[in-house]
Amino acid sequence: MSDADANHKDTMNDRKNINKTHLEENNKNYNKRTSFKAMMGYAKPHRWAFVGIFCCSLLGISADLLQPYLVKIAIDDHLAVNQTSIGFLVQLAAIFLGLAIVSFIFTYIQNNLLQHVGQSIVSRIRKDLFRHISRMSMSFFDRFHIGSLVTNVSSDTETISSFFTQVLLSLIRDGMMLVLIIFFMFQLDPVLAGYSLIVLPVIAVVAALFRRMLRRAYQNARTRLSRLIAFTAENLSGMFLIQAFHQEEEQKRRFKEQNLLHLQANIIQARSNVIFNRTFDILGNAALVMMVWLGGRAVLGESLQVGVLYAFISYIRQFFQPINQITMQWNTFQSTTVSMERIWNILSTKPEVADPKSDVVTSINPRQVMGQIDFDHVSFGYLEDRPIFQSLNLHLYPGEMVGIVGTTGAGKSTLISLLNRFYDVNQGSIQIDGTDIRHIPQHTLHRIVGLIQQEPFLFSGTIIDNVRMFRQDITREQAMEACRFVGAQPMISRLPQGYDTRLSERGSGLSAGERQLISFARIVVFQPRVLILDEATANLDSHTEQLVQQALETVSQGRTTIVIAHRLSTVMHADRILVMEQGAIVEEGTHQELVAAQGIYADLYQHAREAGKPSCTTKLG
Ligand SMILES: Nc1ncnc2c1ncn2[C@@H]1O[C@H](COP(=O)(O)OP(=O)(O)OP(=O)(O)O)[C@@H](O)[C@H]1O
Ligand SMILES: [Mg+2]
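Each chain carries its own residue numbering, running from 1 in the written order of its sequence. Both sets of labels track the order of writing: A upward for chains, 1 upward for ligands. The predicted nature of this model means local features are confined to residues of pLDDT at least 70 and side-chain atom pairs, given and counted, to a pLDDT of 80 or more, with totals for whole chains, interfaces and linings taken over all residues. For side-chain calculations, the full set of non-hydrogen atoms in the structure is used, while hydrogens and water are omitted.

1. Some thoughts on the overall build of the protein chain
Moving on, step 1. A tally of helices and strands in the protein chain yields 22 helices and twelve strands.
Moving on, step 2. Taking 2.2 N^0.38 as the reference for a compact globule, 621 residues should give roughly 25 Å; the C-alpha atoms of the protein chain span a radius of gyration of 35 Å, well beyond that estimate.
Moving on, step 3. Projected onto its principal axes, the C-alpha coordinates of the protein chain cover approximately 120 × 55 × 55 Å.
Moving on, step 4. The cut-offs for exposure are 20% and 50% of the maximum accessible area for each residue type, with area from a 1.4 Å probe on protein chains only; residues under the lower value are buried, those over the upper are exposed, and the others partly exposed. Looking at the protein chain as a whole, 46% of its 621 residues qualify as buried.
Moving on, step 5. Contacts are assigned to residue pairs with any non-hydrogen atoms lying within 4.5 Å of each other. When contacts within the protein chain are restricted to residue pairs at least 6 apart in sequence, long-range pairs at least 24 apart make up 77% of them.
Moving on, step 6. For the protein chain, the exposed surface amounts to about 32,400 Å²; the carbon and sulfur share of it is 57%.
Moving on, step 7. Measuring between centres, the 58 positive side-chain charges of the protein chain sit 7 Å from its 54 negative side-chain charges. Helix numbers and strand numbers start at the N terminus; a helix is a DSSP run of H or I with at least 4 residues, a strand a run of E with at least 2. We take the radius of gyration over the C-alpha atoms and set the globule estimate at 2.2 Å times the residue count to the 0.38 power. For every accessible area listed, the method is Shrake-Rupley and the probe measures 1.4 Å; residues are considered covered only by the protein chains on display. Only four residue types enter the charge count: Lys and Arg as positive, Asp and Glu as negative, with His and the chain ends excluded. The atom standing in for a charge is NZ when the residue is Lys, CZ when it is Arg, CG when it is Asp and CD when it is Glu.

2. Side note on the site of ligand 1
Moving on, step 1. Each residue is tested against the molecule or strand, and it is near if at least one of its non-hydrogen atoms lies within 4 Å. Taken together, the neighbourhood of ligand 1 is formed by 15 residues, with G409, G411, K412, S413 and T414 sitting nearest.
Moving on, step 2. Backbone polar atom of G411 to an oxygen atom of ligand 1: 2.9 Å apart, as the coordinates give it.
Moving on, step 3. Pairs of N or O atoms are called polar contacts if they sit within 3.5 Å, as long as, within protein, a hydrogen donor faces a hydrogen acceptor (for residues adjacent in sequence, only side-chain-to-side-chain pairs). Side-chain polar atom of H566 to an oxygen atom of ligand 1: 3.2 Å apart, as the coordinates give it.
Moving on, step 4. Notes on ligand 1: free accessible area 640 Å², of which the protein chains cover 70%.
Moving on, step 5. The leading source of residues in the shell around ligand 1 is helix α13 (residues 412-419), at three residues.

3. Remarks on helix α16 (residues 476-485)
Moving on, step 1. Residues of α16 that are buried: A479, M480, A482 and C483. The buried residues of α16 occupy an angular sector of 155° when projected down its axis, which confines them to one face.
Moving on, step 2. Summarising the contacts, the buried residues of α16 are in contact with α15 (463-467), α17 (489-493) and α18 (512-526).
Moving on, step 3. G487 lies just past α16 and shows a positive phi near 80°. Relevant arc is that of directions from the helix axis to the C-beta atoms, nothing else.

4. Side note on the pattern of salt bridges
Side-chain pairs of opposite charge can arise whenever the charged atoms involved come near each other.
Moving on, step 1. Salt bridges are defined as contacts in which a side-chain nitrogen from Lys or Arg sits within 4 Å of a carboxyl oxygen from Asp or Glu. Counting across every chain of the model gives 15 salt bridges.
Moving on, step 2. Notably, a salt bridge pairs R131 with D128, separated by 3.4 Å at the nearest N-O pair. Of this pair, R131 and D128 both sit in helix α5 (residues 86-135), three residues apart, which is roughly one turn of that helix.
Moving on, step 3. Here D128 falls in the buried class, since its relative accessible area comes to 3%.
Moving on, step 4. Through salt bridges with shared partners, a single ionic network connects E250, R253 and E257.

5. Topic: the sheet that holds strand β5 (residues 435-436)
Moving on, step 1. Being paired, for any two strands, means DSSP has found at least two bridges between them. Strand order in this open sheet of four strands is β2-β1-β4-β5, and the pairing throughout is antiparallel. In this open sheet, the two edge strands, each paired with only one partner strand, are β2 (389-396) and β5.
Moving on, step 2. Bridge analysis of strand β1 (residues 373-380) against β2 gives five bridges, and the strand direction is antiparallel. Following the sheet pairing, I373 is matched in β2 by L396.

6. Description of the confidence of the model for the protein chain
Moving on, step 1. As a per-residue measure, pLDDT tells how confident the predictor is, with possible values from 0 to 100. Summing up the model confidence of the protein chain, the mean pLDDT is 83 and the portion of residues at 70 or higher is 93%.
Moving on, step 2. Contacts of residues 1-26 to residues separated by more than four positions or lying in other chains number 41 contacts, the stretch itself having pLDDT below 50.
Moving on, step 3. In the model, residues 615-621 has pLDDT below 50 throughout and makes 22 contacts with residues more than four positions away in sequence or in other chains.

7. Some points on the packing of helix α11 (residues 248-300) against helix α12 (residues 306-347)
Moving on, step 1. Think of each axis as a best-fit line through the C-alpha atoms, taken over the contacting stretch in the case of a helix, with angles from 0 to 180 degrees between the N-to-C directions. At a minimum axis separation of 10 Å, α11 and α12 run at an interaxial angle of 160°. By the criterion of interaxial angle, the relationship of α11 to α12 is roughly antiparallel. For the element pair α11 and α12, the recorded crossing hand is right-handed.
Moving on, step 2. Of the residues in the contact of α11 with α12, the class split is 16 nonpolar, seven polar and one charged. By definition in this entry, angles of less than 35 degrees are roughly parallel, angles greater than 145 are roughly antiparallel, angles of 65 to 115 are roughly perpendicular, and the rest are oblique. The hand of a helix crossing depends on one turn: near helix anticlockwise from the far one by less than a right angle means left-handed, and clockwise means right-handed. Note on residue classes: Ala, Val, Leu, Ile, Met, Phe, Trp, Tyr, Cys and Pro are nonpolar, Asp, Glu, Lys and Arg are charged, and everything else, Gly too, is polar.

8. Quick word on the sheet that holds strand β10 (residues 560-564)
Two modes of strand pairing occur in sheets, parallel and antiparallel, and in both the strands are linked by backbone hydrogen bonds.
Moving on, step 1. Overall, mixed pairing links the six strands, which are arranged β6-β9-β10-β3-β11-β12 in an open sheet. If you trace the sheet from one side to the other, it starts and ends with β6 (449-452) and β12 (584-589), each paired once. The sheet shows a mean angle of 20° between the axes of neighbouring strands, taken without regard to direction.
Moving on, step 2. The sheet contacts of α13 involve β3 (401-406), β6, β9 (530-534), β10 and β11 (576-581), and relative to β10 the element is tilted by about 150°.
Moving on, step 3. With respect to the sheet, helix α22 (residues 600-610) is in contact with β3, β11 and β12, its orientation differing from that of β11 by roughly 100°.

9. Section: the pairing of β11
Moving on, step 1. Taken across its six residues, β11 has five buried, putting it largely inside the fold.
Moving on, step 2. Judged from the five bridges that link them, β3 and β11 form a sheet pairing that is parallel. Its bridge partner lying in β11, V405 is registered against V579.

10. A look at the nonpolar core
Moving on, step 1. Of all hydrophobic cores here, the largest spans 47 residues; its most connected members are I463, V467, F520 and Y601.
Moving on, step 2. When residues of this core are assigned to their parent elements, the largest contribution, seven residues, is made by α18.
Moving on, step 3. Setting aside anything within four residues of it in sequence, one finds F520 in contact with I452, V486, L533, A536, T537, L540, V548 and L552. Take the buried residues of types Ala, Val, Leu, Ile, Met, Phe, Trp, Tyr and Cys, join any two whose side-chain atoms come within 4.5 Å, and each joined set is a nonpolar core.

11. What about the packing of helix α9 (residues 199-237) against α11?
Moving on, step 1. Where α9 meets α11, the axes come as close as 9 Å, and the angle between the chain directions of the two elements is 160°. The angle between α9 and α11 falls in the class roughly antiparallel. When the axes of α9 and α11 are compared, the crossing they make is left-handed.
Moving on, step 2. Considered class by class, the residues forming the contact of α9 with α11 number 23 nonpolar, twelve polar and three charged.

12. Things to note about the state of the cysteines
Moving on, step 1. In this description, a disulfide is simply a cysteine sulfur pair whose atoms lie within 2.5 Å. Across all of its chains, the model carries zero disulfides by this definition.
Moving on, step 2. A disulfide-free cysteine, C55 has its sulfur positioned 7.0 Å from the sulfur of C56, the nearest such atom.
Moving on, step 3. Taking the relative accessible area as the measure of exposure, C55 reaches 36% and is therefore partly exposed.

13. Considering a nonpolar patch on the surface
Moving on, step 1. Together, L97, I101, F104, I105, Y108 and I109 make up a nonpolar patch on the protein surface, roughly 630 Å² of accessible area in all.
Moving on, step 2. Its place among the elements puts I105 in helix α5.
Moving on, step 3. Residue classification places I105 among the partly exposed positions, given a relative accessible area of 40%. Patch definition: residues with relative accessible area over 30% and no salt bridge; like charges joined within 9 Å; nonpolar side chains (Val, Leu, Ile, Met, Phe, Trp, Tyr) joined within 5 Å.

14. Things to note about unusual backbone geometry
Moving on, step 1. If you check the backbone angles, H246 has positive phi at about 50° while not being a glycine.
Moving on, step 2. Inspection of the secondary structure assignment puts H246 in the loop between α10 (239-244) and α11.
Moving on, step 3. Of the residues examined, H246 reaches a relative accessible area of 63% and is grouped as exposed.
Moving on, step 4. The phi dihedral of Q582 is positive, around 45°, even though this residue is not glycine.

Below you can see the structure in the form of structure tokens.
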């Protein structure tokens, strides 16, 4: 097993070990620690690279810090005592240049290595996050807003990236630099070094005072930015509504408000940074003045060499920079932990709909499914206190075509979501050919059950890609054949590049009916044994609908088919029609039987006939 695999296994195990009750108790420290540990787990495979980075840093900094020391030797041992040998000075200059080159090379390697490692870690986290999110059940998406998930995948991971590429570097590099500077200072003159350390407690107090202010400013700026992004994204996708309702001015005003808040937050953040940096500068200069005063007096009293004073002044100048950096990066680190926690919260959420455990898994060949479907005393509700179904029973025979009509909100789409296992039933069971669908691996189930939804979703990509859903084992010829079969050919041939026309986001360049035709072709290609159409022909004109109906009749031969429709003409020829109301099946039978029964369906039919077209959009129940 490779390091990467081992690490992944570690993190997966960590994930499994997460104690759910702890999460629920919202034990913040526990969460912070666990999430930090989990994220650091991603760095494990790169531990040798980190050792390399550490060594490069050490060499780079040492080369940097030796430079003042060399000048000190030149001044004290040669210039000041008039023992100048040109040859030796040239030698010193060469060493100085050599050190500068060494510092350059190692800093360069260290930076590149760190960027490479940091970016690889974040790319791994992003990949895991995306994979994890795509495995989540629908209930997860009911709870987490798409906008915040996008922020998690993009900006939270970016923050973590800056942790690995900047914060960690600063902690390593600046920390080492500080230690080395102190070491060199004590090496030169312990008394003077002791004096310089007096400023340390002052620095600590200033840093502590600024810490909260900087953190709050930083977090505020980030929150404002994400709100601005969310507002912009929502407005862009709802632009047609804004224009249709003439809300441009109002939205402009709201945007201005958000933009202003963002501006203010950024200015406050920048101002805090400037105040903080300048305070450090003042402290640095004060220390410098002190050094010149104390050191100058010592030089005059001849108890200190000029070269030592020069080196000291150089070190004091360099002393404040790493402290400043560490304090700043420490604040970034605090925000990183928040991002880590948010990402970990997602990674540690288990999908509610899980694949069956190995002891109950039933292997089924999707091609050999007969298509018998049984809803057995099914109870379900999206929310605990709002049941949609209570002990619902429904049995479909292999190859049967069942039409479902009913009021808006009666639970028709919910029934289909349950059959697809987008949600799990609360009580009872759903079986396909006698096997509980919870015992069928999800990828098998989704090859058995094919669904065309009310609003077909197309991805950005070509028509062909959309028909075969990016699967390379389906040939171009098969995809084109399916399009011809459902009558999408004329529409596609009118497009500029035919089958290779690239669709924009969500297929927005096509009409709703055209999108539906493509989703029909998709289902024909995949040939599921159970076919479900949820209001799938609602957007087609009657001529196209007729074409699709004919195609469907052929496709649905020998397959169990469920057709949900408000238009009665779509379901009239079904083997059986169910009428649903408030989560219950209130009538069932063939069209003739239901009309003869003089119930709700007969009423609907009557209304539709009077309106000139058999339709179910009039009131029901
Ligand atoms: N994700 C959800 N979370 C909470 N409640 C939901 C969710 N989806 C649907 N509902 C509720 O469940 C009920 C049934 O909805 P469903 O979508 O199944 O109706 P439907 O019969 O398909 O209606 P329509 O004919 O309008 O498509 C509705 O009251 C709806 O508000
Ligand atoms: Mg519906």
